[in-house]
Amino acid sequence: CKLSGVNGQEFDLSGVIMSKTDLSKANFREAQFSKGYLRDSNFEEADFTNAIVDRATFKGSSLKGTIFSNAVLTATSFEGADVENADFTDAYIGDFDIRNLCKNPTLKGENPLTGADTRLSANCGPGR
C-alpha cells in the first residue's frame with residue numbers, strides 16, 4: 001500500500017496493522033499508534049513528533065531519517081528495524097526498551113532535517 005506523504009496528524013491509529021506499507025515522509029505529529037503492528041514497512045523521514053507510539057513493533061521496517069521528537073515510545077520494539085539517522089530527542093523510552101534500542105547496529109548517523117545525532121538523541125552515549 002502506498003501512502004507516502006500522507007497527513008495523519010492527530011489521527012488515532014491505535015491497534016493498526018500495517019505490513020509492507022510505504023509511509024515515507026508521512027506526517028504523524030501528535031498521532032496515536034498504541035499497540036500498532038508496523039512491520040516490514042517504509043517510514044523513512046516520517047514525523048512522529050509528540051506522538052504516542054507505545055507497545056508497537058517496527059520489526060523489519062525502515063525508519064531512516066524518522067523524527068520521534070518528544071514521542072512516547074514505551075514498550076515499543078525497534079528490533080530488526082533500520083533506525084539510521086532517526087531523531088529520538090526528548091522521546092520517552094523505558095529503561096528496558098532503551099537498552100534494546102542501544103544495541104541496534106543501525107542506531108547511527110545524523111538526522112538530515114533536525115541535525116540531531118541519532119545515537120546521542122536516544123541517550124545511547126558511550127557506556128550504553
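These numbers were taken from a predicted model, which means no experiment stands behind them.

As a further point, take the overall build of the chain. For the chain, the helix and strand inventory stands at two helices and two strands. From first element to last, N terminus to C terminus, the chain shows the α and β order β-β-α-α. What you see for the chain is a C-alpha radius of gyration of 13 Å, in line with the 14 Å of a compact globule of 128 residues. Seen along its three principal axes, the alpha-carbon backbone of the chain occupies a region of about 40 × 25 × 25 Å. Taken over 128 residues, the chain has a buried fraction of 48%.

Another point: the side chain of Ser41. Mapping Ser41 onto the fold places it in the loop between strand S2 (37–39) and helix H1 (95–102). For Ser41, a relative accessible area of 4% translates into the label buried. If sequence neighbours within four positions are ignored, Ser41 has contacts with Met18, Ser19, Lys20, Thr21, Gly60, Ser61 and Ser62.

Let us now look at the packing of aromatic side chains. The full count for this structure, using the stated rule, is twelve aromatic pairs. Taken together, a centroid distance of 5.1 Å and an interplanar angle of 15 degrees make the contact between Phe48 and Phe68 stacked. Of the two residues, Phe48 is situated in the loop between S2 and H1 and Phe68 in the loop between S2 and H1; the sequence distance between them amounts to 20 residues. Phe48 gets classed as buried once you look at its relative accessible area, which sits at 0%. A residue is classified by how much of its surface remains accessible, and Phe68, at 0% relative accessible area, is buried. With a centroid separation of 6.1 Å and 70 degrees between ring planes, the pair formed by Phe58 and Phe68 is classed as edge-to-face. Highlighted residues: Phe58 in the loop between S2 and H1 and Phe68 in the loop between S2 and H1, separated in sequence by ten residues. Here Phe58 and Phe68 have matching classes, each one buried. Pairwise contacts between aromatic rings join Phe28, Phe33, Phe43, Phe48, Phe58, Phe68, Phe78 and Phe88 into one cluster.

Our focus in this paragraph is the environment of Asn42. Structurally, Asn42 is set in the loop between S2 and H1. In this structure Asn42 comes out as partly exposed when scored by relative accessible area, which is 22%. Considering only alpha carbons, one finds Asn42 and Asn123, 81 residues apart in sequence, at a separation of 24 Å. Look past the residues within four positions of Asn42 in its chain and what remains in contact with it is Thr21, Asp22, Leu23, Ser24 and Ser62. Polar side-chain contacts of Asn42 include one of 2.9 Å to the backbone nitrogen of Glu44.

What counts, and where the lines are drawn
Residues numbered from 1 in each chain as written. Predicted model: local features only at pLDDT ≥ 70, side-chain atom pairs only at ≥ 80, totals over all residues. Heavy atoms only, no water. Helix = DSSP H or I, 4+ residues; strand = E, 2+ residues; numbered from the N terminus. Rg over C-alpha atoms; globule rule 2.2 N^0.38 Å. Buried < 20%, exposed > 50% of the residue type's maximum accessible area, 1.4 Å probe, protein only. Contact = heavy atoms within 4.5 Å. Phe/Tyr/Trp six-rings, centres within 6.5 Å; stacked < 30°, edge-to-face > 60°. Polar contact = N/O pair within 3.5 Å; in protein donor to acceptor, adjacent residues only side chain to side chain.

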